[in-house]
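Secondary and tertiary structure notes
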Amino acid sequence: MKNEKCVAKPFVKWVGGKGQLLEEIRKKYPSRIEKYCEPFVGGGAVLFDVLQKSHPDEILINDVNPELINTYKCVGVP
């Protein structure tokens, strides 16, 4: 396999998702993200963007939907 960059993207479409707003949201990111906490992860657009750009040391995601969280666990998202 060539030196190809692996790009992780949201794998579910979520009502109220932030995918279309990422350009504006990125402007608010700090220069370095060491810890990332997402209380309502939903489709994970911001989560996956932060993972690609900042590689935080600690990640905590949550959502009120236990089936969604179980899905993230099954696919190996922190």
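Now for a quick tour of the structure. (Residues numbered from 1 in each chain as written. Predicted model: local features only at pLDDT ≥ 70, side-chain atom pairs only at ≥ 80, totals over all residues. Heavy atoms only, no water.)

1. Some remarks on the pairing of strand β1 (residues 35–38)
Of the two faces of β1, the one lined by Tyr36 and Glu38 is fully buried and the one lined by Lys35 and Cys37 carries no buried residue. Of the pairings in the sheet, the one linking β1 to strand β2 (residues 58–61) comprises 4 bridges and is parallel in character. Bridge assignment links Lys35 to a residue of β2, and that residue is Glu58. Remark: the β1/helix α2 (residues 45–54)/β2 crossover connection has right-handed handedness. (Buried < 20%, exposed > 50% of the residue type's maximum accessible area, 1.4 Å probe, protein only. Helix = DSSP H or I, 4+ residues; strand = E, 2+ residues; numbered from the N terminus. Pairing = 2+ DSSP bridges. Right-handed = clockwise from strand over helix to strand, strands pointing away.)

2. Focus on the nonpolar core
Counting residues in hydrophobic clusters, the biggest one holds 14 residues, and the most contacted among them are Val41 and Tyr72. Going through the elements one at a time, α2 and α3 (66–75) are the ones with two or more residues in this core. Counting residues per element, this core draws most heavily on α2, which supplies 4 residues. What Tyr72 contacts, discounting residues up to four positions off in sequence, is Phe11, Val41, Gly42, Gly43, Gly44, Phe48, Ile61 and Val77. (Core = buried A, V, L, I, M, F, W, Y, C linked by side-chain atoms within 4.5 Å. Contact = heavy atoms within 4.5 Å.)

3. Remarks on the side chain of Glu38
Within the element layout of this structure, Glu38 appears in strand β1. The charged side chain of Glu38 is buried without a salt bridge, its nearest counter-charge being Lys18 at 6.4 Å. Every residue in contact with Glu38, bar those within four places of it in the chain, is listed here: Val46, Leu47, Leu60, Ile61 and Asn62. (Lys, Arg positive; Asp, Glu negative; His and termini not counted. Salt bridge = Lys/Arg side-chain N within 4 Å of Asp/Glu carboxyl O.)

4. Details of α3
Along α3, the positions that sit buried rather than exposed are Leu68, Ile69 and Tyr72. Looking straight down α3, one finds that the buried residues subtend no more than 100° of arc, so they occupy a single side. Set apart from the buried face of α3 by more than 90 degrees, the exposed residues are Pro66, Glu67, Lys73 and Cys74. Residue Gly76 follows α3 closely and has a positive phi angle near 90°. (Arc of directions from axis to C-beta.)

5. Description of the pattern of salt bridges
One pass over the structure, following the stated rule, counts 6 salt bridges. The closest approach of N and O atoms between Asp49 and Arg26, which form a salt bridge, is 2.9 Å. In this pair, Asp49 is assigned in helix α2 and Arg26 in helix α1 (residues 22–26), connecting sequence segments 23 residues apart. Overall, Asp49 belongs to the buried group, its relative accessible area being 6%.

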